[in-house]
Every structure is written in C-alpha cells, then in structure tokens.
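Chain by chain, the residues run as shown.
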Amino acid sequence: MLTIEMDNFDLGQICRSGQCFRMDQIGDDRYRVIAGDKYLELTQERGIVNFFCPEEDFIFFWIRYFDLDCDYSEYINMINPRDKYLTAAGEMGSGIRILQQDLWEMIISFLISQQNNITRIKKCIENISREFGVRKTSSTGAEYYAFPTAEALALATEEQLRECNLGYRAKYVLDTARKVCFGDISLNSLHDMTYKAARKELLGLYGVGEKVADCICLFGLHQLDAFPVDTHIRQALDAHYKRGFPNRRYKGCRGVMQQYIFYYELMK
DNA sequence: CAACAGGGGACAC
DNA sequence: GTGTCCCCTGTT
C-alpha cells in the first residue's frame, strides 16, 4: 500500500464526474478503478489517499492516470472571480482531475455513450469486457476483466455486440475496431497531433461526432482545450453564457472548466 | 400497455 | 444548418 497527501483531489468527485465508466465506489471511502488491463482499489480520508497496488504500478501508471503531477489549484485560481457561476462550479468540483485514460478505451467507451445514460454505459462496458476482455487477478486478489483489445473486438460479430446491449452502437464499435486493426487509423499518431488535427481524425470514425470526438480528446489524449458540449453543457451555456463561453480567457484549459460546469450541473 | 428520454450521430436536403 | 431517422433500453 502507498499513501500520499494530495490537494485538489477527491475520489468521490472524480468518480461521479463520469469520465471513467469503470470507476465505482465500493465502500464508505473506498473506490475501485479498472483501467486498460490494470486494477486498483484506493481509499481517501480528507487529503490522505491510499493506493493498494505495487509501488511500480503507482509510479509508472497511476501517477499519470490521476494526473498527480499537476497542481489543479492553478486552474481554480484562473477562474474569473467576477464569474459567479464558474466560481461556484470550481468550488463544487475542486477535487476533480482530468484522468489520463487509454485512448482506445475512450474511443469505444464514448462510442457507446451516445444517446445513453451512465448506468447503462457502465453495464455495456462490463459486458464487452467480460465477453472479449482477458480475465485477470489483481495483486490484491480481486478478479476482473481487462478492457478488450481492438483485435478482440474486431473478431466479434455485430450480433455478439448487440447481445452486450450496445444496440445500434454495435456497428460503430465493430467498424472502429476493424479500422484500428487494419491500420486505417493509427492510434499512436493521434498522440503526436494537435488538438485540432486529432479531433478531425477522430471525426472520420463511424459513429464519432463532435461531442464524442471532444470527449476522446479530453480524456484519451489529455487535450485540455477540448470542450465537449452535450445537452447539459448546452443548457448551462445558454443559461449562463448568453454571449458565449470566454474561450479566450480559458484557452488551454477549457476542458477543465467544462468538467467543473458538468459536475456542477450534475450535483447542484 | 404506451410514451418518453437518455452525456448523439448519420444522412439527405 | 435543419430535419429526420436510428429503433437501443430502462423508466414513468
């Protein structure tokens, strides 16, 4: 077990913010995360966070995953004090982090997310992981299924994916898995692109529209300027930013502000 | 039982 | 850019 003390870090907020569909609260202060083929349980009391994993995984995986090298008070302090709405949102979600999740996992997860609610998205992802992912045992002895690889999903049939409750999204997932396998799109190269270029590339995938592309950029490529606009954000923007969101001021971290707004709308 | 909405997107005009 | 269909599933 590893213990750290961390500011602007709240597992409950991160969990509820809904960026990770495989993060769950499993006890009063205890959470579980499955990311790629990795498993982690962790607890938090105030600023003290306990990671139940080998030190190696913490250093080479979870630090990056939870963006622990980044001081989020800098984002909070960037908020215009005269913007009462965003100030309140930042206070409510001050412990949120933009997780650095796996690109492939984000592409599939947000393909599934369209016209869908979080409970069902989670079920769908557990279903495809159970069907097509590798069964593993964590260092703490927990059994879980890794997120399925592109190769595994490319070999699936649309019917099998529909049985995982994906509905009409099954064909999107299948098409994308095959494109990745055949090299029609290089996931590695997306990491080297600008936000604009990566977004454009992602929009070429069947089933990926602007909102989904921005979610993938934000959570899978850590492009912090990506600003996904869903129905909730749309309503918030219409209500509080009738002359448009101050994009100039928050250039480079618009996605962080989006998360504060999204969480605030969810929780207030 | 029917209606409806849930973190959209494709496609045709 | 607007409208229409998609036709999924859980909830009301």
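On a predicted model such as this, the values are computed, not experimentally measured, just so you know.

Engineer: How should I be thinking about the layout of surface pockets in this particular structure?
Structural biologist: Over the atoms, a rolling probe the size of a water molecule traces out where space has been left empty. There is about 560 Å³ of room inside the largest pocket. Considering the residues around the largest pocket, the lining is formed by 28 residues, among which Ser113, Asn116, Lys211, Asp230 and Phe262 are closest to the centre. A per-element tally of the lining of the largest pocket places helix α12 (residues 210-220) first, with 5 residues. For the lining of the largest pocket, the residue count by class is 11 nonpolar, 14 polar and 3 charged.

Engineer: I'm lost on the packing of helix α4 (residues 84-92) against helix α14 (residues 254-267) in this one. Help?
Structural biologist: When two helices pack together, their arrangement is given by the angle between the helix axes and the distance between those axes. Look at α4 against α14: their axes get within 8 Å of each other, and the N-to-C directions meet at 80°. Here α4 lies roughly perpendicular to α14, going by the angle between them. Of the residues in α14, those touching α4 at Tyr85, Leu86, Ala88, Ala89, Gly90 and Met92 are Met257, Tyr260, Ile261, Tyr263, Tyr264, Glu265 and Met267. Partitioned by chemical class, the residues of the contact of α4 with α14 number 11 nonpolar, 1 polar and 1 charged.

Engineer: I keep staring at the UniProt feature "domain: HhH-GPD" (unreviewed entry) in chain A and nothing clicks. Help me out?
Structural biologist: Residues annotated by UniProt as "domain: HhH-GPD" (unreviewed entry) correspond here to residues 112-266. Secondary structure content for residues 112-266 is 58% helix and 4% strand, and the end C-alpha separation is 20 Å.

Thresholds, definitions, all that
Residues numbered from 1 in each chain as written. Chains lettered and ligands numbered in written order. Predicted model: local features only at pLDDT ≥ 70, side-chain atom pairs only at ≥ 80, totals over all residues. Heavy atoms only, no water. 1 Å grid on protein atoms, 1.4 Å probe; cavity = no way out; pocket = protein on both sides within 12 Å on 5 of 7 lines; lining within 4 Å. Points joined across faces, edges and corners; volume = space filled by probe spheres on them. Helix = DSSP H or I, 4+ residues; strand = E, 2+ residues; numbered from the N terminus. Nonpolar A, V, L, I, M, F, W, Y, C, P; charged D, E, K, R; others polar. Axes fitted to C-alpha atoms, helices over the stretch in contact; angles between N-to-C directions. Parallel < 35°, antiparallel > 145°, perpendicular 65-115°, else oblique. Contact = heavy atoms within 4.5 Å. UniProt positions renumbered as here; feature names shortened; annotations may be inferred.

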